[in-house]
Amino acid sequence: MKQKSLRTTAIILPVGFLLTIAACLLTGIVKAPVITEHEFSFAVTYQLDGETKTLDGVYRCCFQSTGKGDEPQERYYSGEHLSNPSEEHPSEYTIAQKDDLELCIVTYFSDPCLMGDADGRTFCFEPYLAVFDRDRVEYTDEETLSRFDAEITDWVSPEPIANSFRFMGFSKLHDMSMFAMLAVGILTLLACLIFVKRDRTVPYNALDKVSILLNILICLAAIPFMTFIIFLMQIVVSIDDPVYQIALCVPAITAFTLAASVALRRIRFTKTGFFLPFAGPVLFVLTLILSE
């Protein structure tokens with residue numbers, strides 16, 4: 001029985017470790033778009049003082065960079081209205097002026113969506129009429145708009161491109177990495193509970209019983225507490241801080257030491273199984289001290 005349980009432990013723990021590395025890598029994949037710049041045409045048809053006119057616009061999107069901080073996998077874009085000469089108010093096209101007021105067609109676009117990085121978001125923001133005073137305060141109420149005889153009758157939206165994304169490497173650990181690693185650690189613990197069998201002819205001694213109680217407390221109280229605190233650490237600690245990178249591994253390390261504790265206790269390595277789970281909480285305290 002002991003040899004079989006030892007072999008089972010020797011399989012479960014290394015497999016769990018490899019899966020943890022895989023989970024860490026999968027949550028850290030960074031990609032960049034293949035097409036990094038594109039110009040989009042759009043048209044807004046409107047009536048002004050009974051005359052039908054068309055505003056033909058060109059909007060250019062550019063990929064800027066991948067994310068940093070707590071969102072390393074985010075991709076950031078910037079946009080520019082090439083057809084609007086105004087540098088201060090590029091999304092507002094002035095079509096009429098009266099009494100220090102400007103009537104503008106306002107256009108907004110979602111850069112990621114136009115660049116094929118939609119992820120379920122909409123890019124289609126319909127243009128609208130707005131009146132601006134000399135301080136660039138925007139008015140869209142009917143009373144102010146009625147000072148101009150204008151309305152938008154039609155518009156042709158820009159068409160988003162079909163883009164693809166190339167692998168750029170792996171990011172540093174972040175909060176999702178912590179949760180993914182912890183999930184694998186919990187599954188490894190469950191696997192040890194289920195598949196590592198103990199010899200029921202040998203009763204648990206006092207140290208075994210204390211060890212079981214401590215395991216339960218660490219699993220149900222210490223791991224959730226540490227995970228919550230480490231999640232909040234990103235508010236005050238940079239993701240590039242080596243101490244924070246270590247801290248992100250602490251919940252998973254604790255779960256693995258619990259799994260090892262269960263397995264070792266069932267194959268009669270009682271003392272080792274008793275002390276092993278303290279490694280995670282001790283490392284957690286050290287990271288808190290070093291991060292100050």
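Treat the numbers as computed from the prediction; the structure is a model and nothing was measured. Once a new chain begins, its residue numbering starts again from 1 and follows that chain's sequence as written. Given that this is a predicted model, residues contribute local features only at a pLDDT of at least 70 and side-chain atom pairs are listed and counted only at 80 or more, while totals for whole chains, interfaces and linings are drawn from all residues. The side-chain quantities take in all heavy atoms of the structure and omit both hydrogens and water.

Engineer: What's the story with the overall build of the chain in this structure? I'm lost.
Structural biologist: The way it works is that DSSP assigns letters per residue, a run of H or I at least four long becomes a helix, a run of E at least two long becomes a strand, and they are numbered from the N terminus. When you go through the chain residue by residue, the secondary structure sums to 9 helices and 10 strands. The quantity called the radius of gyration is restricted to C-alpha atoms. Its globule counterpart is 2.2 Å times the number of residues to the power 0.38. By the compact-globule yardstick of 19 Å for 292 residues, the chain is too spread out, its C-alpha radius of gyration being 30 Å. The principal-axis extent of the C-alpha atoms belonging to the chain is close to 95 × 35 × 30 Å. Taking all 292 residues of the chain together, 41% fall into the buried category. Put simply, 68% of the contacts in the chain that link residues at least 6 apart link residues at least 24 apart. Working definition of accessibility: Shrake-Rupley area with a 1.4 Å probe, residue cover restricted to the visible protein chains. Of the accessible surface of the chain, which amounts to about 16300 Å², a share of 61% is contributed by carbon and sulfur atoms. Classification of residues uses two cut-offs on accessible area relative to the type maximum, computed with a 1.4 Å probe and protein chains only: under 20% is buried, over 50% is exposed, and between them is partly exposed. Every residue pair with non-hydrogen atoms within 4.5 Å of one another is taken to be in contact.

Engineer: Explain the sheet that holds strand β2 (residues 37-48) here, please?
Structural biologist: Two orientations exist for strands paired in a sheet by backbone hydrogen bonds: parallel and antiparallel. Reading across from one edge, β4-β3-β2-β9 is the order of the 4 strands in this open sheet, with antiparallel pairing throughout. Across the chains shown, the open sheet's two edge strands, defined by having one partner strand only, are β4 (75-81) and β9 (150-156). Direction aside, neighbouring strands of the sheet carry axes that sit 30° apart on average. Inspection of the sheet shows β2 paired to β9 by 6 bridges, in the antiparallel sense. Across the sheet, residue Leu 48 finds its bridge partner in β9, namely Ala 150. Pairing between strands is defined by DSSP: at least two bridges between the two strands are required. To obtain an axis, a line is fitted to C-alpha atoms, over the contacting stretch when the element is a helix, and the angle between two such axes runs from 0 to 180 degrees between their N-to-C directions.

Engineer: Could you clarify how one ought to interpret the side chain of Arg 265 in this entry?
Structural biologist: For Arg 265, the position within the fold is in helix α7 (residues 250-266). Buried charged residue Arg 265 carries no salt bridge. Nearest counter-charge: Asp 208, at 5.0 Å. Two N or O atoms count as a polar contact when they lie within 3.5 Å, although within protein this holds only if one can serve as hydrogen donor and the other as acceptor, and sequence-adjacent residues are included solely when both atoms are side-chain atoms. Polar contacts involving the side chain of Arg 265 include one to the side chain of Asn 215, which spans 2.9 Å. Filtering out sequence-adjacent residues up to four positions away, Arg 265 remains in contact with Tyr 204, Asp 208, Ser 211, Ile 212 and Asn 215. The convention is simple: Lys and Arg are positive, Asp and Glu are negative, and His and the chain ends are not counted. Whenever a carboxyl oxygen of Asp or Glu lies within 4 Å of a side-chain nitrogen of Lys or Arg, that contact is scored as a salt bridge.

Engineer: How should the environment of Asp 208 be read in this particular structure?
Structural biologist: Structurally, Asp 208 is set in helix α5 (residues 206-233). Taking the C-alpha atoms as reference, Asp 208 lies 9.2 Å from Arg 268; in sequence the two are 60 residues apart. When neighbours within four sequence positions are excluded, Asp 208 is seen to be in contact with Arg 265, Arg 268 and Thr 270.

Engineer: Even after reading the chapter, I still don't get the pattern of salt bridges, so can you show me in this structure?
Structural biologist: Pairs can form between side chains of opposite charge whenever their charged atoms are close. Within the structure shown, the criterion is met by 9 salt bridges. Measuring nitrogen to oxygen at the nearest pair gives 3.2 Å for the salt bridge that ties Arg 136 to Glu 102. You can see Arg 136 sitting in the loop between β7 (128-132) and β8 (138-139) and its partner Glu 102 sitting in strand β6 (residues 101-106), a full 34 residues away along the chain. For Glu 102, a relative accessible area of 21% corresponds to the partly exposed category. Here Arg 268 makes a salt bridge to Asp 208, at a shortest N to O gap of 3.5 Å. Taken together, the residues span a long stretch of sequence, with Arg 268 in the loop between α7 and α8 (270-275) and Asp 208 in helix α5 at a distance of 60 residues. Relative accessible area serves as the criterion here: at 31%, Arg 268 is assigned to the partly exposed category. Put simply, Glu 37, Glu 39, Arg 60 and Glu 80 are held in one network by salt bridges that share partners.

Engineer: When you look at the nonpolar core in this model, what are you seeing that I'm missing?
Structural biologist: A general tendency of soluble globular proteins is for nonpolar side chains to be buried together. In this description, a nonpolar core means a group of buried Ala, Val, Leu, Ile, Met, Phe, Trp, Tyr and Cys residues linked to one another through side-chain atoms lying within 4.5 Å. Grouped together as the largest cluster of nonpolar side chains are 28 residues, with contacts concentrated most on Cys 192, Ile 223, Ile 230, Met 233, Tyr 244 and Leu 248. Elements with a contribution of two residues or more to this core: α1 (2-26), α4 (175-195), α5, α6 (242-247) and α7. The contact partners of Leu 248, leaving out residues within four places of it in the chain, are Leu 173, His 174, Asp 175, Met 178, Met 181 and Ile 230. Of all hydrophobic cores here, the second largest spans 25 residues; its members include Val 44, Leu 48, Tyr 93 and Ala 96.

Engineer: What exactly am I supposed to notice about the packing of α5 against helix α9 (residues 279-291) here?
Structural biologist: Packed helices, taken two at a time, are described by the angle between their axes plus the distance between the axes. Two elements in contact, α5 and α9, have axes separated by 11 Å at closest approach and are oriented at 25°. The angle between the axes of α5 and α9 places the two elements in the roughly parallel class. Considering how the two elements wind past one another, α5 and α9 form a crossing that is left-handed. Contact with α5, carried on its side by Phe 225, Met 226, Ile 229, Ile 230 and Met 233, involves Gly 280, Pro 281, Phe 284, Leu 288 and Ser 291 of α9 and no other residues of that element. Any residue outside Ala, Val, Leu, Ile, Met, Phe, Trp, Tyr, Cys, Pro, Asp, Glu, Lys and Arg is labelled polar, Gly included; the first ten of those are nonpolar and the last four are charged. In the contact of α5 with α9, the residues fall into 8 nonpolar, 2 polar and no charged. By definition in this entry, angles of less than 35 degrees are roughly parallel, angles greater than 145 are roughly antiparallel, angles of 65 to 115 are roughly perpendicular, and the rest are oblique. Take the far helix as your reference; a near helix turned counterclockwise from it by less than a right angle gives a left-handed crossing, and one turned clockwise gives a right-handed crossing.

Engineer: Looking at this model, I keep getting lost on α4. Mind explaining?
Structural biologist: Residues spaced three or four apart along an α-helix face the same direction, because each turn holds 3.6 residues. Between its first and last C-alpha atoms α4 spans 30 Å; for 21 residues at 1.5 Å apiece the expected length is 30 Å, and the two agree. Among all positions in α4, only Asp 175, Ser 177, Met 178, Ala 180, Met 181, Leu 182, Val 184, Gly 185, Thr 188, Leu 189, Ala 191 and Cys 192 are buried. Expected helix span is computed as 1.5 Å times (number of residues minus one).

Engineer: Even after reading the chapter, I still don't get unusual backbone geometry, so can you show me in this structure?
Structural biologist: Even without being a glycine, Asp 49 presents a positive backbone phi close to 55°. On the secondary structure map, Asp 49 appears in the loop between β2 and β3 (51-66). Phi is positive for Arg 268, close to 75°, though the residue is something other than glycine.

Worth remembering: the numbers are spatial, not functional.
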